[in-house]
Amino acid sequence: QVQLVESGGGLVQPGGSLRLSCAPSPNIFVINTMGWYRQAPGKQREWVAFSTQYTANYADSVKGRFTISRDRTENTVYLQMDSLKAEDTAVYYCNAPLFRASGASIGDYWGQGTQVTVSS
């Protein structure tokens, strides 16, 4: 079964840090693009960060505090979140087009979501 699996969410105090991870199923690959989104209670899902082979872009609300990166050896993408605020509380989702080792496209996938709660 092809899937994206997220981990790393949890409860953190304001000003704290968390690192989210997102990895595809074995033998499935993220090639170049990957995005992180979040959805707070009662709100629509919003874009947080997006990376390509050459660039990384961030929503204004997280710029300077969040960093998207990838470990190609581990085939994993990360979202480092620093200086967390209460308004960062949301379910975070990763999103990426996935490929087989042959390079064949499988399609666009979403992770199951991981809860991040920022509270004292």
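Everything below is about the structure printed above this text.
Conventions adopted
Residues numbered from 1 in each chain as written. Predicted model: local features only at pLDDT ≥ 70, side-chain atom pairs only at ≥ 80, totals over all residues. Heavy atoms only, no water. Phe/Tyr/Trp six-rings, centres within 6.5 Å; stacked < 30°, edge-to-face > 60°. Lys NZ or Arg CZ within 6 Å of the ring centre and 35° of its normal. Core = buried A, V, L, I, M, F, W, Y, C linked by side-chain atoms within 4.5 Å. Buried < 20%, exposed > 50% of the residue type's maximum accessible area, 1.4 Å probe, protein only. Helix = DSSP H or I, 4+ residues; strand = E, 2+ residues; numbered from the N terminus. Pairing = 2+ DSSP bridges. Disulfide = S-S within 2.5 Å. Axes fitted to C-alpha atoms, helices over the stretch in contact; angles between N-to-C directions.

Asker: Can you explain the packing of aromatic side chains? Please cite residues and give values.
Answerer: What the rule picks out here adds up to one aromatic pair. Sitting above the plane of the Tyr78 ring, Arg19 keeps its charged end 4.1 Å from the centroid. Here the guanidinium or amino end of Arg45 rests over the ring plane of Tyr93, the centre of that ring lying 3.7 Å away.

Asker: So what's going on with the nonpolar core? Which residues, and what values?
Answerer: Among the nonpolar cores identified, the biggest contains 28 residues, and Trp36, Leu79, Met81 and Tyr92 are the most heavily contacted of them. Residue assignment for this core shows that the elements contributing at least two residues are strand S3 (18–24), strand S4 (28–30), strand S5 (34–39), strand S6 (46–51), strand S8 (66–71), strand S9 (76–81), strand S10 (90–100) and strand S12 (114–118). For this core, the element with the highest residue contribution is S10, accounting for five residues.

Asker: Describe the pairing of strand S11 (residues 105–110), listing the residues and the values that go with them.
Answerer: Note that S10 and S11 share five bridges and pair antiparallel. Residue Pro97 lies in a different strand from S11, and its bridge partner there is Asp108. As consecutive antiparallel partners, S10 and S11 are separated by four residues, and within that stretch Gly103 has a phi angle of approximately 95°, a positive value.

Asker: Account for the state of the cysteines, naming residues and giving values.
Answerer: Counted by the stated rule, this structure contains one disulfide. A disulfide bridge connects Cys22 with Cys94, and the sulfur atoms are separated by 2.0 Å. On the sign convention where negative is left-handed, the bridge of Cys22 and Cys94, at about 65° about the S-S bond, is right-handed. With Cys22 in strand S3 and Cys94 in strand S10, this pair connects stretches of sequence that are 72 residues apart.

Asker: Could you give an account of the sheet that holds S8, with specific residues and numbers?
Answerer: As summarised here, the arrangement of the four strands in space is S1-S3-S9-S8, forming an open sheet in which the pairing is antiparallel. Two strands bound the open sheet, and with one partner strand each, they are strand S1 (4–7) and S8. Going across the sheet, the axis of each strand differs from the next one's by a mean of 20°, ignoring polarity.

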